[in-house]
Amino acid sequence: GYWKNHPEDWTSGYTTNQFIQDIFTVPTSLLKSGVLDISSPSGKDRLIDGLAYKGGTNLSGSFQILMRAAIAALLNEAYYGVYYPGATSTTALIAEVNSVLATKSRTSYLTLAATLDNWNNAIHSSLP
């Protein structure tokens, strides 16, 4: 929850007001009238909203789990750069997440979310 609780530390052009679907390619089956609107109050979800997603047992729930991890990973990659083990760049990380999102597979979503969580929590590598 670091990034959710410290938005003043967001760097490299990412802001709390950016919309999730302007960065990640969200499957249309998870949109409401073309808009990603999962958080409350209703409206187009922003990066800061995604960090507070609760998750769940269906595809939308696994999407929320993946987005929570992916947004944190994006901010970690932007902040730590080469020291973050998750990807070679923010562009590469976004491409990897988008590739998995396109599968519309709950299992694939949860597998990538677990990997990103490990990287985000420095389980496989210590961050400076």
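Quick caveat, the model's predicted, so the values are computed rather than measured.

*Asks:* How should I be thinking about the overall build of the protein chain in this particular structure?
*Replies:* Each helix and strand counted, the protein chain has five helices and zero strands in total. Order of helices (α) and strands (β) in the protein chain, N terminus to C terminus: α-α-α-α-α. Over its C-alpha atoms the protein chain spans a radius of gyration of 14 Å, differing by no more than 12% from the 14 Å that the globule rule assigns to 128 residues. Across its three principal axes, the protein chain shows a C-alpha extent of roughly 40 × 30 × 25 Å. In the protein chain, which comprises 128 residues, the share counted as buried stands at 39%. Partitioning the intrachain contacts of the protein chain with sequence separation of at least 6 by distance along the chain shows that 60% fall at a separation of at least 24.

*Asks:* For this particular structure, what's the right way to read the packing of aromatic side chains?
*Replies:* How two aromatic rings sit relative to each other is given by the distance of their centres and the angle of their planes. One pass over the structure, following the stated rule, counts four aromatic pairs. Taking the centre distance of 5.2 Å and the plane angle of 80° together, the rings of Tyr-2 and Trp-3 count as edge-to-face. Residue Tyr-2 is classed as partly exposed on the basis of its relative accessible area of 43%. Among the residues examined, Trp-3 registers a relative accessible area of 6% and is labelled buried. Geometrically, the ring pair formed by Trp-3 and Tyr-79 is edge-to-face, given 5.7 Å between the ring centres and 65° between the ring planes. Of this pair, Trp-3 sits in helix H1 (residues 2-5) while Tyr-79 sits in helix H3 (residues 59-80); the two residues are 76 residues apart in sequence, bridging distant segments of the chain. In this structure an aromatic cluster arises from ring pairing among Tyr-2, Trp-3, Tyr-79 and Tyr-80.

*Asks:* Explain the nonpolar core here, please?
*Replies:* Side chains of a nonpolar character, in soluble globular proteins, are inclined to be buried together. Counting residues in hydrophobic clusters, the biggest one holds 36 residues, and the most contacted among them are Tyr-14, Ile-20, Phe-24, Phe-63, Leu-66, Met-67 and Leu-116. Of all the secondary-structure elements, those providing two or more residues to this core are H3, helix H4 (90-101) and helix H5 (106-120). At eleven residues, H3 tops the list of elements feeding residues into this core. Once residues lying within four places of it in the same chain are set aside, the contact partners of Leu-66 are Val-100, Leu-101, Tyr-109, Leu-112, Ala-113 and Leu-116.

*Asks:* Quick question: what am I supposed to make of the side chain of Asn-120 here?
*Replies:* Looking at where Asn-120 falls in the secondary structure, it is placed in helix H5. Given a relative accessible area of 15%, Asn-120 falls into the buried group. Reaching out from Asn-120, the side chain makes a polar contact with the backbone nitrogen of Ala-73 at a distance of 3.4 Å. Residues within four places of Asn-120 in sequence aside, it is in contact with Ala-69, Ala-72, Ala-73, Asn-76 and Tyr-84.

*Asks:* Would you mind going over H5 with me for this structure?
*Replies:* Residues separated by three or four positions in an α-helix point in the same direction, a consequence of the helix having 3.6 residues per turn. Taking 1.5 Å of rise per residue, the 15 residues of H5 would be expected to cover 21 Å, and the 20 Å separating its terminal C-alpha atoms lies within 8% of that figure. Turning to H5, its buried residues are Tyr-109, Leu-112, Ala-113, Leu-116, Trp-119 and Asn-120. Axial view of H5: buried residues confined to an arc of 120°, hence all on one face. Packing partners of the buried residues in H5 comprise H3 and H4. Just beyond H5, the residue with positive phi is Ala-122, at close to 55°.

What counts and what doesn't
- Residues numbered from 1 in each chain as written.
- Predicted model: local features only at pLDDT ≥ 70, side-chain atom pairs only at ≥ 80, totals over all residues.
- Heavy atoms only, no water.
- Helix = DSSP H or I, 4+ residues; strand = E, 2+ residues; numbered from the N terminus.
- Rg over C-alpha atoms; globule rule 2.2 N^0.38 Å.
- Buried < 20%, exposed > 50% of the residue type's maximum accessible area, 1.4 Å probe, protein only.
- Contact = heavy atoms within 4.5 Å.
- Phe/Tyr/Trp six-rings, centres within 6.5 Å; stacked < 30°, edge-to-face > 60°.
- Core = buried A, V, L, I, M, F, W, Y, C linked by side-chain atoms within 4.5 Å.
- Polar contact = N/O pair within 3.5 Å; in protein donor to acceptor, adjacent residues only side chain to side chain.
- Expected span 1.5 Å × (residues − 1).
- Arc of directions from axis to C-beta.

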